[in-house]
Number of protein chains: 2
Amino acid sequence: MQSFTEENYIKAIYKLIEANGNTVSTNSIAEKMNTKAASVTDMLKKLYTKKLINYKKYQGVTLTTKGEKTALNIIRKHRLWEMFLVEKLDFKWDEVHDVAEQLEHIDSDKLIEQIDKFLNYPKVDPHGDPIPDAKGKLNVTKSQVLSKFNKNDVCVMTGVVDHSPSFLQYLDKSGINLGIEIQIKDVVLFDRSLQITINKNTAIFISNEVAKNILVIKKNYKKNSLKV
Amino acid sequence: MQSFTEENYIKAIYKLIEANGNTVSTNSIAEKMNTKAASVTDMLKKLYTKKLINYKKYQGVTLTTKGEKTALNIIRKHRLWEMFLVEKLDFKWDEVHDVAEQLEHIDSDKLIEQIDKFLNYPKVDPHGDPIPDAKGKLNVTKSQVLSKFNKNDVCVMTGVVDHSPSFLQYLDKSGINLGIEIQIKDVVLFDRSLQITINKNTAIFISNEVAKNILVIKKNYKKNSLKV
DNA sequence: ATTATATTTTAGACTAGCCTAAATTTTATT
DNA sequence: AATAAAATTTAGGCTAGTCTAAAATATAAT
Ligand SMILES: [Mn+2]
Ligand SMILES: [Mn+2]
Ligand SMILES: [Mn+2]
Ligand SMILES: [Mn+2]
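Residues numbered from 1 in each chain as written. Chains lettered and ligands numbered in written order. Predicted model: local features only at pLDDT ≥ 70, side-chain atom pairs only at ≥ 80, totals over all residues. Heavy atoms only, no water.

## A short note on the relation of the copies chain B and chain A
To keep things clear, this is the line we draw: Here the copies were fitted onto each other by least squares, based on C-alpha atoms from residues at pLDDT of at least 70 in both. What makes two residues a contact is simply this: any of their non-hydrogen atoms within 4.5 Å.
At an RMSD of 0.0 Å, chain B and chain A line up after a rotation of 180° and a shift of 0.0 Å along the axis. Both copies are brought into coincidence by an operation consistent with a two-fold rotation axis. It is L103 of chain B whose C-alpha, among those of chain B, lies nearest the rotation axis, at 3.9 Å. Interface overlap between copies is the fraction of interface residues in one copy that are interface residues in the other; for chain B against chain A it reaches 100%, indicating a shared surface.

Here it is as structure tokens:
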């Protein structure tokens, strides 16, 4: 069994690898964990003796199979709890993160399996992030950021990059939620800001910065897909 | 804000006072917390500086108003979580305690108020223990142990004294649950074991030790009560 | 009223996690 | 290739919470 602190380090390492590929540096962990590099080095030694990470001095860090399984289990719990809070307790998607940061450390297999069942085995969390299954299997998402698409493209929103409350609240206020259909009506060349419609309603403007934080899947990509 | 450890000490002190009256000794806290007296003394100094307990060297301990409020809030959370586990996640009453010991430390007012609402504001937990309200108000229970009653008395079961899984499982197996009507058919003078009926069914025997751990309220005590 | 026993506190030490400052190693730049 | 800069690790120290052993105090027994 790991301490809360160890679990948070493992999750941080997992997310850094997911975001930036292969190995991860001491400094980047320190930044993500809001600690100092010296503290990270101490913890890396400990995680190494517990066989959770591969670590050689000055060489950066990767997760072992055991470490990755551990990380995915924490992420599974985090996302299921977020889903529970939104679906059952009327939390907004910008309110769940801090509570889930605590709940993800509760140690009870039965609890998390029952929560999963209670929610009817959801595939994604309130932010569109995939929920690993009990064996640690994670569906890879093929979403892309909205800013990559062009005039007249039609997409469905599937997630967000930035998870901050302020960004999520801005999306709420703008009527931008998971599942909406977004059509790009115009792209301003100067700053790549977008004019879009949501579910074919009146158009709104969003900045390129916003578009870079909205994940979508392009609609009607396959010729033989259903046109509704 | 308190650490998990501090919260557990405060709850232990509250329960010892509740069980044994007025002040509580260093040794009794050590026993309940599975620590040594020296560790308790250290913690008492800390809780005193935080104004959570009244403490003078060698004189025993009581809770301040602030300490009692803290204790009741932790107990509120513990019991609401137990209720949630039983009512919504199909846990048995003997399975909830260890998980609730973890969940009671989750820090979120909104979470616990929403859980309360989700459960429709229950008054007692799965073991019949009263749930303090958000202001820390606790309904005093007038239940008594079944062993105090006599032949032909009719009671309703309202709670348990012993909360151990083995005792709770024994009760399950014997059909003894909260809300059942218990009639004392016979009392064996030699060992004060009881022959009882449950909801007027065929009689079973229980030991005095078991009867001392079952809480009940006597039925039809008032002459003008409803006879169903 | 002394003495003996039990309880509680203090003293000193340990681990987990964190820090700053200094030393080491790697990487980048001339 | 030599040097400068950046990244990382080590050294030493701090707090929370724990322990054992010893000292102090309170309680019980003569
Ligand atoms: Mn989150
Ligand atoms: Mn999420
Ligand atoms: Mn309990
Ligand atoms: Mn209970």
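On we go from here.
## A few points about the protein's contact with DNA strand C
Selection rule: A molecule or strand has a residue near it when one of that residue's heavy atoms lies within 4 Å. Distance and chemistry together define a polar contact, namely a pair of N or O atoms within 3.5 Å, with one atom able to donate a hydrogen and the other to accept it when in protein, and with adjacent residues in sequence counting only for side-chain atoms on both sides. Going along the chain from the N terminus, every DSSP run of H or I of four or more residues is numbered as a helix, and every run of E of two or more is numbered as a strand. All amino acids are sorted into three groups, where Ala, Val, Leu, Ile, Met, Phe, Trp, Tyr, Cys and Pro are nonpolar, Asp, Glu, Lys and Arg are charged, and the leftover types, Gly among them, are polar.
Among the 22 residues in the neighbourhood of DNA strand C, the closest are listed as S3, S39 and K46 of chain A together with Y55 and K57 of chain B. Within 4 Å of the protein, the atoms of DNA strand C are drawn from sugar and phosphate moieties in a proportion of 79%. Between DNA strand C and the protein, one listed contact pairs a phosphate oxygen with a backbone N or O atom of N27 of chain B at 2.9 Å. Contacts to DNA strand C include K45 of chain B, whose side-chain N or O atom sits 2.8 Å from a phosphate oxygen. Contributing elements (two or more residues each) for the surface near DNA strand C: α1 (4–20) and α3 (37–49) of chain A together with α2 (26–33) and α3 (37–49) of chain B. Here the element with the most residues in the surface near DNA strand C is α3 of chain A; it accounts for five residues. Taken together, the residues of the surface near DNA strand C break down into eight nonpolar, eight polar and six charged.

## Some thoughts on the pattern of salt bridges
All names here are of chain A. What counts, and what does not: Salt bridges are defined as contacts in which a side-chain nitrogen from Lys or Arg sits within 4 Å of a carboxyl oxygen from Asp or Glu. Only protein chains enter the calculation, and the probe is 1.4 Å; a residue is then buried if its accessible area is under 20% of its type maximum, exposed if over 50%, and partly exposed in between.
A full pass over the atoms with the stated rule returns 25 salt bridges over all chains. One salt bridge in this structure joins R76 and E113, with 2.9 Å as the shortest N-O distance. Remark: E113 occurs in helix α6 (residues 109–118) and R76 occurs in helix α4 (residues 65–89); sequence separation between them is 37 residues. For R76, a relative accessible area of 3% corresponds to the buried category. By relative accessible area, E113 is classed as partly exposed at 31%. Residues joined in a network through salt bridges with shared partners are E6, K46 and K50.

## Concerning the coordination of the manganese ion (ligand 3)
All names here are of chain B. Heads up, the condition is: Metal donors: N, O and S atoms at distances within 2.8 Å, or within 3.2 Å for Na, K and Ca, with water omitted from the atom set so that some sites may seem incomplete.
Protein coordination at the manganese ion (ligand 3): the donors are H78 (NE2), E82 (OE) and H97 (ND1), at 1.9 to 2.2 Å from the metal. Read from N- to C-terminus, the donor residues coordinating the manganese ion (ligand 3) fall into the pattern H-x3-E-x14-H. If you look at the manganese ion (ligand 3) and the manganese ion (ligand 4), they sit 3.6 Å from each other and are both ligated by E82. Within this pair, whereas E82 is found in helix α4 (residues 65–89), its partner H97 is found in helix α5 (residues 97–103), the two being separated by 15 residues in sequence.

## Description of the nonpolar core
For clarity, the threshold we go by: Among the buried residues, those of types Ala, Val, Leu, Ile, Met, Phe, Trp, Tyr and Cys that are joined through side-chain atoms within 4.5 Å form a nonpolar core.
Grouped together as the largest cluster of nonpolar side chains are 32 residues, with contacts concentrated most on F84, L111 and I115 of chain A together with F84, L111 and I115 of chain B. Counting only elements with at least two residues in this core, the list comes to α4, α5 (97–103) and α6 of chain A together with α4, α5 and α6 (109–118) of chain B. Apart from residues no more than four positions distant in its own chain, L111 of chain A is found in contact with W81 and I106 of chain A together with L85, L89, F91, V99 and L103 of chain B.

## A few points about the domain arrangement of chain A
Under the convention used in this document: A domain assignment, automatic or from a database, supplies the domain bounds used here.
When its domains are assigned, chain A resolves into domain 1 (4–63) and domain 2 (144–218). Measuring from the centre of the C-alpha atoms in domain 1 of chain A to the corresponding centre in domain 2 of chain A gives 34 Å.

## Let's talk about the sheet that holds strand β3 (residues 144–145) of chain B
Residues and elements named next belong to chain B. Note the threshold: Should DSSP find at least two bridges between two strands, the strands are taken to pair.
Taken in spatial order, the six strands make up an open sheet running β3-β8-β4-β5-β6-β7, and their pairing is antiparallel. If you trace the sheet from one side to the other, it starts and ends with β3 and β7 (204–206), each paired once. Taken together, the five bridges between strand β4 (residues 154–160) and strand β8 (residues 214–218) define a ladder with antiparallel strand orientation. By the bridge assignment for β8, V160 is matched with I214.

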